Amino acid sequence: MTMEVDILELSDRSAKFVLSSVSTAFANGIRRAMVADVPTLAIEYVNLYDNTSVLYDEQLALRLSLIPLVTDIETYIPQAECGCGGEGCPACELSLTLSAEGPGTVYSRDLISSDPKVQPADLNVPIVELKKGQKLVLEAVAHMGYGRDNVKWQAGVACGYKNVPVISIENCDSCGHCAAECPKGIIRIEEAGARVAEEDIIKCSFCKLCEQVCDINAINVDFQENAFVFTMESDGSYIAKDLALNAANVVKGKAEELISILDQL
Ligand SMILES: [Zn+2]
């Protein structure tokens, strides 16, 4: 059977879709690629020229490293795989500068990037509050890296899936116990018996409370083995669609690598 994708929700930062006719291993492969194997840019080290703020240099560097940067996967490659051998070059890193003087809060938008395409994904991330006379002057260097090495390079957040639920109801006496118990409120009691609308079935969380409270075993909660409801969020390094696309490309790349190794045997 061919794979099917049914988009339920899609925005710049998040997506929800049903992936059908795939194995659990494949669904998990895509999820793992989103959180661990799609490289992003993140600040790796900071040259501090002046810091009279209340934060230690290390705390500042940590806060800066966790600011998601819009990543251009066509221009930058992970430093470990770069031709420069890890020394740092325009293909694997870029610098951002920041110069601020109090009073006032320093935000992510105050970072000035050397590449106009690479900017903080959120412009309102507070970095530190400066009092009158306090100064912050620095140059931050961002590298391309993988989420599997450090969470600051993790593009996919809250990526997960569950099997598509199957709810069957037979010989229901409309007592209403299941509807009263369902924490998702998706069971409606009609004259002909309990009913779950087609679009509400995917909201089921498999708690099976409806099954437990039914005295006549009229309701049964099961799942489709090869269909998954996928939810994903991006930290802003990529739009949600591109993150899914890049994750699929990672899986494809690994398969191609295997083919080329086997070809050489
Ligand atoms: Zn390089």
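Rules of the game
- Residues numbered from 1 in each chain as written.
- Predicted model: local features only at pLDDT ≥ 70, side-chain atom pairs only at ≥ 80, totals over all residues.
- Pairing = 2+ DSSP bridges.
- Helix = DSSP H or I, 4+ residues; strand = E, 2+ residues; numbered from the N terminus.
- Axes fitted to C-alpha atoms, helices over the stretch in contact; angles between N-to-C directions.
- Contact = placed C-beta atoms within 7 Å.
- Parallel < 35°, antiparallel > 145°, perpendicular 65-115°, else oblique.
- Nonpolar A, V, L, I, M, F, W, Y, C, P; charged D, E, K, R; others polar.
- Domains from an automatic or database assignment.
- Expected span 1.5 Å × (residues − 1).
- Buried ≥ 20, exposed ≤ 12 C-beta atoms within 10 Å, placed from the backbone.
- Core = buried A, V, L, I, M, F, W, Y, C linked by C-beta atoms within 7 Å.

**Re the sheet that holds strand β6 (residues 112-113)**
Moving on, step 1. The strand order β3-β8-β4-β6 describes an open sheet built from four strands, whose pairing is antiparallel. In the strand order of this sheet, the two ends are held by β3 (40-51) and β6, each with one partner.
Moving on, step 2. With two bridges connecting them, strand β4 (residues 93-101) and β6 associate as antiparallel partners. Paired with L96 across the strands is S113, a residue of β6.

**Considerations on the sheet that holds strand β12 (residues 219-234)**
Two strands in a sheet stick together by hydrogen bonds in their backbones, pointing the same way (parallel) or opposite ways (antiparallel).
Moving on, step 1. Spatially, β1-β2-β12-β9 is the arrangement adopted by the four strands of the open sheet, whose pairing is antiparallel. Only two strands of the sheet have a single neighbouring strand rather than two, namely β1 (4-10) and β9 (156-169). Averaged over all pairs of adjacent strands, the angle between their axes in this sheet comes to 30 degrees, without regard to strand direction.
Moving on, step 2. Judged from the eleven bridges that link them, β9 and β12 form a sheet pairing that is antiparallel. Bridge pairing links S168 to N220 in β12.
Moving on, step 3. Sheet strands in contact with helix α1 (residues 24-37) are β2 (14-20), β9 and β12, and its direction is about 155 degrees off that of β9.
Moving on, step 4. Against the sheet, helix α5 (residues 240-263) contacts β1, β2, β9 and β12, and its axis sits at roughly 105 degrees relative to β12.

**A closer look at the packing of α1 against α5**
Moving on, step 1. Two elements in contact, α1 and α5, have axes whose closest approach is 8 Å; the angle formed by their N-to-C orientations is 105 degrees. Taken as axis vectors, α1 and α5 run roughly perpendicular relative to one another. Where α1 abuts α5, its residues G29, I30, A33, M34 and D37 lie against L243, A247, A248, V250 and V251.
Moving on, step 2. Along the lines of polarity and charge, the residues of the contact of α1 with α5 split into eight nonpolar, one polar and one charged.

**Some points on the domain arrangement of the protein chain**
Moving on, step 1. The assigned domain composition of the protein chain is domain 1 (4-36 + 157-231) and domain 2 (39-153).
Moving on, step 2. Measuring from the centre of the C-alpha atoms in domain 1 to the corresponding centre in domain 2 gives 41 Å.

**Thoughts on the environment of S113**
Moving on, step 1. By secondary structure assignment, the location of S113 is in strand β6.
Moving on, step 2. Beyond its immediate sequence surroundings of up to four residues, S113 is in contact with L94, L96, V118 and Q119.

**As for α1**
Moving on, step 1. The terminal C-alpha atoms of α1 lie 18 Å apart, and with 14 residues this matches the ideal 20 Å at 1.5 Å per residue to within 8%.
Moving on, step 2. Those residues of α1 not exposed but buried are A27, I30, A33, M34, V35 and D37.
Moving on, step 3. Structurally, α1 contributes buried residues whose contacts are with β2, β9, β12 and α5.

**Let's talk about the nonpolar core**
Moving on, step 1. Counting 24 residues, the largest nonpolar core has L41, A42, I43, L64, L69, A140 and A142 as the members making the most contacts within it.
Moving on, step 2. Contributing elements (two or more residues each) for this core: β3, α2 (57-65), β4, β7 (126-130) and β8 (135-145).
Moving on, step 3. Looking at this core element by element, the count peaks at five residues for β8.
Moving on, step 4. Other than its neighbours up to four places away in sequence, A42 contacts S65, L69, A142, G145, K152 and W153.

**Things to note about unusual backbone geometry**
Across residues other than glycine, the phi torsion is negative in most instances, and most of the peptide bonds are trans.
Moving on, step 1. At the junction of G102 and P103, the peptide bond is cis and its omega measures out at 5 degrees in the coordinates.
Moving on, step 2. For P103, the position within the fold is in the loop between β4 and β5 (104-107).
Moving on, step 3. Its identity is not glycine, yet N171 carries a phi of approximately 50 degrees, on the positive side.
Moving on, step 4. Looking at the secondary structure, you find N171 in the loop between β9 and α3 (177-181).
Moving on, step 5. Exposure remark for N171: the 9 C-beta atoms within 10 Å place this residue in the exposed category.
Moving on, step 6. Backbone geometry at N217 places phi at a positive 50 degrees, although glycine is not the residue there.
Moving on, step 7. Here N217 is to be found in the loop between α4 (209-213) and β12.
Moving on, step 8. Given 9 C-beta atoms within 10 Å, N217 falls into the exposed group.

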